[in-house]
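Remarks on the overall topology
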There are 2 protein chains.
Amino acid sequence: MWGHLDAKKLPEGYPQFFARGEGGHVWDVDGRRYVDLMCSWGPIVLGHHDPAVDAAARKQAEMGDCLNGPGPVLVELAERLVDRIPAADWAMFQKNGTDATTACVTIARAATGRSTILMARGSYHGAAPWCTPVPAGTTEADRAHQLRFEYNDVASLEAAAAAVGDDLAAILVTGFRHDNIVDQELPTPEFAQAARAICDRKGAALIVDDVRAGFRLHAGGSWETVGVRPDLSAWSKAIANGHTLAAVTGRDSLRDAATRIFVTGSFWCSSVAMAAAIATLEELERRDVVGHIAALGQRLRDGLAERARGANVGLRQSGPVSMPLFLFDGDTDFAIGRAFCQATLEEGAFLHPRHNMFLCAAHTEADIDAVLAASEAGFAAIKGLR
Amino acid sequence: MWGHLDAKKLPEGYPQFFARGEGGHVWDVDGRRYVDLMCSWGPIVLGHHDPAVDAAARKQAEMGDCLNGPGPVLVELAERLVDRIPAADWAMFQKNGTDATTACVTIARAATGRSTILMARGSYHGAAPWCTPVPAGTTEADRAHQLRFEYNDVASLEAAAAAVGDDLAAILVTGFRHDNIVDQELPTPEFAQAARAICDRKGAALIVDDVRAGFRLHAGGSWETVGVRPDLSAWSKAIANGHTLAAVTGRDSLRDAATRIFVTGSFWCSSVAMAAAIATLEELERRDVVGHIAALGQRLRDGLAERARGANVGLRQSGPVSMPLFLFDGDTDFAIGRAFCQATLEEGAFLHPRHNMFLCAAHTEADIDAVLAASEAGFAAIKGLR
């Protein structure tokens, strides 16, 4: 196994192979059923086998998927994104989140004729050589023309922008701070406004990487929550409820540059994933999924906090409640987190000890209560470890 | 529109949007039906809506697609590839051909601790910044540590390898020469053997990019036709008959490096495309597709050659007959090719004036004869242009 789905990175007992999903639950190949708080690491935003998405995908598959050009659904989906996302005047589609972030950077460089990209230290923007967090097999040149700042730190961002001088092509920033193994942070309005102001002043592009957070925080893009609109946005994961799709949306000022670059892929215009995305966007709106998962996330956070207090455990929960992350105080080697998750898994709740989790529309209060009940085994298991 | 599916790059009258495909035919959104010689630019190798692949995909979709980890089909597919491809000891999966070629380069660099990649001048290896044929939005650094040689030119390859000195990580080469707008060339045994010998001598990896040619020339990989085995191979397009999938296969000597690099994607382990790939590989074998499309390709080549002679036109047909390319002598501005294809399109045959085409298992002798009949309108249309 390779990549983020490698179960070796999880506590012992976590399954590597899965058989099926249904709603907010998932089954491993040994037939064990879990309340699924990973949601396939983000893509499942409505629930496994959402009937509306399944029906749309099946119907499109009966017509055509990968043809000599796109189907009409490409236009329909682009129009829906442009309607729904205030910062979007156009859209183009890819297959991986990495395709989308890479295209954003390329478009920004083409538009500005400059090279340097400012990125927050520790942020994940994909797994291509220019952004993979593991340098094995990459070269220094892959990371040329990049400068780092601290997320939510205006002074650090200003200093980095000043250091770049005239070569600033873009500021690339995640929808919120969801770095591996550190407490999550929503963007502060001051930070978002500073990023916007620097890009305006320098004629650079503000890129929000909404691959992970997109469609869970706000229907129009994560930075709508702080009232700041990017020039380019990268989307994937939840956009088609598990179907393989990514997208870039942008402002008119970047349209020409988006036309001049050459990016493509054999399956980028396939219709089934786009039909699934149209159904997903419809259901997200119709069912107020953002509100639903926020309410359930709050229930989970409150329930875990109460149990942690009862157990006298320092449990830090951070970031948006619909994308929960919890870390234990003083758990430098993750022994506590691992033992907690391992015990909770045995009780039927699939949690992650270090990575943010995801809620979906199919989760119910009963599912959250089942997770909380399972977590009691977790709190019991870590008693001797503190 | 963007990328290779942009109809602006084709003669006027070519449709941009498609409604459906069936067997060897495709319909545009205006209801016009064509014999499809592009096969979705390669992915369709059995035919549109192949019943065996459709059934396998539907069955897997009813269970699960994108879950918290792969399904059992990942193991089954990897084992099939390793069984079928003599140079494969292991496999890993991605979503774009570019993902596969990028992973091969990264693995080679990780394995050797070196940087330089030798690539043939004009070869297409994908659309990431390091390999896109259009430099807009990329930087010089994206193409650092690359050196070029001429395909099928042993002296040029030897000279490039000598110029690299001790830093050779890999030779990256397409299954055959299928560059845009130039006559295609199958690899000569001398060239393939020289590439193999240089890699062996220098401890570098030989990478065959079989994204475009894979599964059409030889079941075990395109360079099996010249008896040379690569260390790494990149696959995509035809591997799942239109479902979104790519793969890297490699030798045991590269297994550790493949494990150390970090490449991943949200949908790389999704099961539906893998189930489709298993069915595709089964059908390819069961129906001797390589032999079928070679026979039909020969029928097309002979028929076009005969008509070209009759019309006294210099028509160059090159490369493997199952992936036909034709170019007209002296057609420097493509006026002849465009007029020919435009007229042939109106008669119901979808050809490409500059890019290689693709045959599939669903094509019949009657389809080829229909293309040949349609081509007579093409030959008539170019009469005044020569």
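Each chain carries its own residue numbering, running from 1 in the direction its sequence is written. Chains and ligands are labelled sequentially in the order written, the chains with letters from A and the ligands with numbers from 1. Only residues with pLDDT of at least 70 get local features here, since the model is predicted, and only at 80 or more are side-chain atom pairs given and counted; chain-wide, interface and lining totals rely on the full set of residues. Only hydrogens and water are set aside; all other atoms, that is, all heavy atoms of the structure, feed into the side-chain values.

1. Topic: helix α5 (residues 189-202) of chain A
Residues lying three or four places apart along an α-helix face the same way, a consequence of the helix completing one turn every 3.6 residues. Inclusion rule: Where helices and strands are cited, they refer to DSSP runs of H or I of at least four residues and of E of at least two residues respectively, numbered from the N terminus. Expected span of a helix, by definition, is 1.5 Å for each gap between consecutive residues, and there is one gap fewer than residues.
Along its 14 residues, α5 of chain A runs 20 Å from first to last C-alpha, staying within 8% of the 20 Å computed at 1.5 Å per residue. One or two steps after α5 of chain A, the chain reaches G203 of chain A, where phi turns positive at roughly 70 degrees.

2. Examining the relation of the copies chain A and chain B
Applying a rotation about an axis and a shift along it to one chain copy brings it onto the other copy. Let me state the cut-off plainly: Least-squares superposition of the copies uses the C-alpha atoms of those residues scoring a pLDDT of at least 70 in each of them. Contacts between residues were defined by any pair of non-hydrogen atoms, one from each residue, lying within 4.5 Å.
You can overlay chain A on chain B at an RMSD of 0.0 Å; the transform is a turn of 180 degrees with a shift of 0.0 Å along its axis. The transformation relating the two chain copies, once decomposed into turn and shift, fits a two-fold axis. Of every C-alpha in chain A, the one belonging to A141 of chain A sits nearest the axis of rotation, 2.6 Å from it. A shared binding surface is used by both copies, with 99% of the interface residues of chain A retained as interface residues in chain B.

3. Examining the domain arrangement of chain A
Residues and elements named next belong to chain A. Convention followed: For the domains described, the bounds stem from an automatic or database domain assignment. Summed over both partners, the accessible area lost on bringing two parts together, with a 1.4 Å probe, is the buried area. We define a salt bridge as a contact between a side-chain nitrogen of Lys or Arg and a carboxyl oxygen of Asp or Glu at a distance within 4 Å. For the purposes of these results, a polar contact is taken to be a pair of N or O atoms within 3.5 Å, where, inside protein, one atom must be able to donate a hydrogen and its partner to accept one; residues adjacent in sequence count only when each atom of the pair is a side-chain atom.
The domain architecture assigned to chain A consists of domain 1 (3-49 + 288-385) and domain 2 (51-286). Taking the mean C-alpha position of each, domain 1 and domain 2 sit 27 Å from one another. Taken together, the contacts link 28 residues of domain 1 with 27 residues of domain 2. Note on domain 1 versus domain 2: buried area summed over both sides is about 2,200 Å², and carbon and sulfur give 57% of it. Its salt-bridge partner being D183, residue R316 comes within 2.9 Å of it at the nearest N-O pair. Put simply, domain 1 and domain 2 have 17 residue pairs in polar contact (both at pLDDT 80 or more) between them.

4. Details of helix α8 (residues 289-310) of chain B
Residues and elements named next belong to chain B. Rule in force here: The buried label goes to any residue with under 20% of its type's maximum accessible area, the exposed label to any with over 50%, and the partly exposed label to all in between, with areas taken from a 1.4 Å probe on protein chains only. Within this analysis, the arc is defined by the directions that extend from the helix axis to the C-beta atoms.
With 22 residues, α8 should cover 32 Å at 1.5 Å per step; its first-to-last C-alpha distance of 31 Å lies within 8% of that length. When we look at burial in α8, the residues that qualify are V289, I293, L296, G297, L300, R301, G303, L304 and A308. Considered in projection along α8, the buried side chains sweep an arc of 170 degrees and stay on one side of the axis. Of the exposed residues in α8, those oriented more than 90 degrees away from the buried face are E306, R309 and G310. Those residues of α8 hidden inside the fold are in contact with α7 (271-286), β11 (315-318), β12 (325-328), α9 (335-346) and α10 (365-381). Looking one or two places after α8, you find N312, whose phi comes out positive at around 60 degrees.

5. Focus: the interface of chain A and chain B
Many authors give the size of an interface as the accessible area that is lost as the parts come together. Contact residues are listed per partner, giving 79 residues for chain A and 78 residues for chain B. Together chain A and chain B conceal approximately 6,400 Å² of surface at their shared face, both sides included; 61% is due to carbon and sulfur atoms. Three residues, W2, N68 and F262 of chain A, lead the burial of chain A against chain B; their summed loss comes to 15% of the area buried on that side. Scanning the region where chain A abuts chain B turns up zero salt bridges.

6. Some words on the nonpolar core
Counted only if it meets this: In plain words, nonpolar cores are sets of buried Ala, Val, Leu, Ile, Met, Phe, Trp, Tyr and Cys residues tied together by side-chain atoms within 4.5 Å.
By size, the foremost hydrophobic cluster in this structure holds 200 residues, and its most contacted members are F93 of chain A together with F93 of chain B. Once residues within four sequence positions are removed from consideration, F93 of chain B is found in contact with W2 of chain A together with L74, L77, A78, L81, L245, A246, A247, W268 and M274 of chain B.

7. What about empty space enclosed by the protein?
For the record, the criterion: Buriedness of a pocket was judged along seven lines, with at least five required to meet protein on both sides within 12 Å; pockets are open sets of points on a 1 Å grid over the protein atoms alone, cavities are sets where a 1.4 Å probe fits but cannot get out, and lining residues have an atom within 4 Å of a point. Grid points are joined across faces, edges and corners, and a volume is the space filled by probe spheres set on the points. Only Asp, Glu, Lys and Arg are considered charged, only Ala, Val, Leu, Ile, Met, Phe, Trp, Tyr, Cys and Pro nonpolar, and every remaining residue, Gly among them, polar.
Under the defined criterion, the tally for this structure stands at 10 cavities of 30 Å³ or more. Along the walls of the largest cavity sit 33 residues, with A128 and P129 of chain A together with T102, A128 and W130 of chain B positioned nearest its centre. Those elements that provide at least two residues to the lining of the largest cavity are α3 (97-112) of chain A together with α3 (97-112) of chain B. Counting residues per element, the lining of the largest cavity draws most heavily on α3 of chain B, at seven residues. In the lining of the largest cavity, the residues fall into 17 nonpolar, 11 polar and five charged. Taken together, 15 residues form the lining of the second largest cavity, with V105, R109, W130 and D142 of chain A together with D142 of chain B sitting closest to its centre.

8. Notes on the environment of A128 of chain A
Its place among the elements puts A128 of chain A in the loop between β5 (116-120) and β6 (146-149). Along the backbone, A128 of chain A and T101 of chain A are 27 residues apart, and their C-alpha atoms lie at a distance of 9.8 Å.

9. A word on the packing of aromatic side chains
Condition: Between the rings of Phe, Tyr and Trp (Trp by its six-membered ring), a pair exists once the centres lie within 6.5 Å; its type follows the angle of the planes, with under 30 degrees stacked, over 60 edge-to-face, and the other angles tilted. The rule is short: NZ of Lys or CZ of Arg within 6 Å of the ring centre and within 35 degrees of the ring normal puts a charge over the ring.
Tallied over the entire structure, the rule returns 24 aromatic pairs over all chains. Judged by centre distance (5.8 Å) and plane angle (70 degrees), the rings of F18 of chain A and F350 of chain A are edge-to-face. Within this pair, whereas F18 of chain A is found in strand β1 (residues 18-22), its partner F350 of chain A is found in strand β13 (residues 349-350), the two being separated by 332 residues in sequence. With respect to class, F18 of chain A is no different from F350 of chain A; both count as buried. Centroid distance F326 of chain B to F340 of chain B: 5.5 Å. Interplanar angle 80 degrees. Geometry classified as edge-to-face. Here the residue F326 of chain B occupies a position in strand β12, and F340 of chain B occupies one in helix α9, the gap between them amounting to 14 residues. F340 of chain B gets classed as buried once you look at its relative accessible area, which sits at 1%. Taken together, Y14, F18, Y34 and F350 of chain A form an aromatic cluster joined through their ring pairs. In this arrangement the basic side chain of R20 of chain B is found over the ring face of W27 of chain B, its NZ or CZ atom lying 3.8 Å from the centre.

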